[in-house]
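Structure at a glance
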Amino acid sequence: MPLSELVNGIHHGDRRCIAKAITLIESENSTHALLAAKLLRLMRDDDLNASNDARPNVHCAIRTRPVIAITGAPGSGKSCFIEALGTHLVEGLQQSVGVLAVDPTSAITGGSILGDKTRMSRLSMNTRAFIRPSPSGCHLGGMTARAWETIDVFEAARFDVTLIETVGVGQSETQAKDAADLLVLLVPPASGDDLQAIKKGIAEVADVILVTKADGDRCALAEQTRLSYTRGVQLDTAYHPRSSRELAAADGTAGLPADAECRHAMRSRRPVLTVSSETGLGIQDAWTTMIAMWRERLVSGEIEAHRGKQRVTHFKEYLEGELWHRAKARLNAASWNAPPLRACENRGVASSALPDHSDVVGSAWDGYEARVRSRQMSPREAGNDALARFFSL
């Protein structure tokens, strides 16, 4: 299928075209990578043209639909919550929903179960919803390496809401914040006290905290957890005073900056709510809270600024990943008997100090692996030597 037809199908919400585009983006085949780059450029150009037609003085297409990441520890109820929230959106509010469900990849076999969709049976049968299970590919942070490009496809398909389910994350895995407008943290009942709530990491960057499984015998525990996190959030909330101009625009009270700053500080506190995906308790309130927060940030310009920072972050991550893959490919293709060492002394690796390893047969990569494994070179020495010999760095 020509890429132009694929893009046209995406814009019209064709499910096969959306799925093909995401498969192309996630592929590690070098030919597919070139096609994916062209596809993303075509989608961007179409968005730019549509934006410029609507607003001739604007030269950057800005998404106006919320992207919300749902994260939490394994077993916190992410899939079930997305099933409940997504069903509320598509059936109750008649909105279309795109879901990216990231599943962990085995570090042993390299495979993924991709089973989160089985917990979304009702949502997956609704024609207004599109659910894409994707393997994490051992990418850290709870996301896939190409999640941001998948989100671009969802945006081009004009879903009213995009939901991202991360893999089960730990305390310091906050990368989901770089892929979404809002980060919603799910915590199960009895998951910590006040001290746990104020610890730095995922709880610190979350915009909304939801205590899940607030049903049956767990209601009291859920309420106790909510109170603990509420107290922790109040202690941990960062206070960032804004300029008088920003305050006047946001509050209409330029003559009373102190009061406006106080209201901004109150708004900046992260809501902590209880929900039950099984009974539906709190689902509507949770959505009302999230969408109100998103709309406020959209009007204030925070969403646009945040997405600009995200694009820069994605550029850095892509560049780092490509540099690593291409460097490894060069070392695998190069012979161990490479030209003499150059500029190694400047990096603390004197050529005369390097042990002889003339018995190594194979690529440069094999040679470095052998030297590091046998402790003839430290990882730092091997890295610096490779940069000098094969990259003149």
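Residues numbered from 1 in each chain as written. Predicted model: local features only at pLDDT ≥ 70, side-chain atom pairs only at ≥ 80, totals over all residues. Heavy atoms only, no water.

1. With respect to the packing of aromatic side chains
Under the definition given, this model contains five aromatic pairs. An angle of 80° between the planes, with centres 6.0 Å apart, marks the rings of Phe130 and Phe154 as edge-to-face. Taken together, the positions of Phe130 in strand β3 (residues 129-135) and Phe154 in helix α6 (residues 147-156) put the pair 24 residues apart, joining distant regions of the chain. On the basis of relative accessibility, which here comes to 7%, the residue Phe130 falls in the buried class. Note on Phe154 and Phe159: the rings are 5.5 Å apart at their centroids and 85° apart in plane angle, and the pair reads as edge-to-face. (Phe/Tyr/Trp six-rings, centres within 6.5 Å; stacked < 30°, edge-to-face > 60°. Helix = DSSP H or I, 4+ residues; strand = E, 2+ residues; numbered from the N terminus. Buried < 20%, exposed > 50% of the residue type's maximum accessible area, 1.4 Å probe, protein only.)

2. Some thoughts on helix α13 (residues 302-333)
If you check α13, its first and last C-alpha atoms are 46 Å apart, about what 32 residues at 1.5 Å a residue would give, namely 46 Å. Residues of α13 that are buried: Ile303, His306, Arg307, Gln310, His314, Glu322, Ala327 and Leu331. Structurally, α13 contributes buried residues whose contacts are with β1 (67-72), α6, α12 (283-300), α14 (364-373) and α15 (379-391). (Expected span 1.5 Å × (residues − 1). Contact = heavy atoms within 4.5 Å.)

3. Focus: the pattern of salt bridges
Within the structure shown, the criterion is met by 13 salt bridges. Salt-bridge contacts for Arg44 lead to Asp45; the nearest nitrogen and oxygen are separated by 3.3 Å. Asp45 sits in the partly exposed class, given a relative accessible area of 30%. Arg373 is paired through a salt bridge with Glu369; the nearest N and O atoms lie 3.9 Å apart. Of this pair, Arg373 and Glu369 are both found in helix α14, four residues apart, which corresponds to roughly one turn of the helix. Beyond isolated ion pairs, a larger network of salt bridges with shared partners links Arg146, Glu149, Glu322 and Arg326. (Salt bridge = Lys/Arg side-chain N within 4 Å of Asp/Glu carboxyl O.)

4. A short note on the packing of α13 against α15
Two numbers describe how α13 lies on α15: the axes approach to 11 Å, and their chain directions differ by 75°. In terms of their interaxial angle, α13 and α15 are classed as roughly perpendicular. Judged by residue contacts, Ala327, Arg330 and Leu331 of α13 engage Ala386, Phe390 and Phe391 from α15. Residue composition of the contact of α13 with α15, by class: five nonpolar, no polar and one charged. (Axes fitted to C-alpha atoms, helices over the stretch in contact; angles between N-to-C directions. Parallel < 35°, antiparallel > 145°, perpendicular 65-115°, else oblique. Nonpolar A, V, L, I, M, F, W, Y, C, P; charged D, E, K, R; others polar.)

5. Regarding the side chain of Ser363
Along the chain, Ser363 turns up in the loop between α13 and α14. For Ser363, a relative accessible area of 9% corresponds to the buried category. For Ser363, the residues in contact, after removing those within four places along its chain, are Leu331, Asn332, Ala334, Ser335 and Trp336.

6. Concerning the sheet that holds β3
Across the sheet, which stays open at both edges, the seven strands sit in the order β3-β2-β4-β1-β5-β6-β7 with parallel pairing between neighbours. The open sheet has two free edges, formed respectively by β3 and β7 (272-274), since each of these has just one partner strand. Neighbouring strand axes in the sheet, compared pairwise and without regard to direction, differ in orientation by 20° on average. Of the strand pairs in this sheet, strand β2 (residues 97-103) and strand β4 (residues 161-165) are connected by five bridges, and their pairing is parallel. Paired with Ala101 across the bridge in β4 is Glu165. (Pairing = 2+ DSSP bridges.)

7. Notes on the environment of Arg297
Within the element layout of this structure, Arg297 appears in helix α12. Given a relative accessible area of 21%, Arg297 falls into the partly exposed group. Sequence separation of Arg297 and Leu182 is 115 residues, and the distance between their C-alpha atoms is 9.9 Å.

8. Focus: the pairing of β4
Most of β4 sits inside the fold, with five of its five residues counted as buried. Of the two faces of β4, the one carrying Val161, Leu163 and Glu165 and the one carrying Thr162 and Ile164 are both buried. In the sheet, β1 pairs with β4 via four bridges, with the strands oriented parallel. Residue pairing in the sheet places Ala69 in a bridge with Ile164 of β4.

9. What about the pairing of β2?
For β2, a buried count of seven out of seven residues is recorded, marking the element as mostly surrounded by other parts of the structure. Of the two faces of β2, both are covered, the one formed by Val97, Val99, Ala101 and Asp103 as well as the one formed by Gly98, Leu100 and Val102. Looking at chain direction, β2 and β3 are connected through seven bridges and run parallel. If you follow Ala101 over to β3, its bridge partner there is Pro133.

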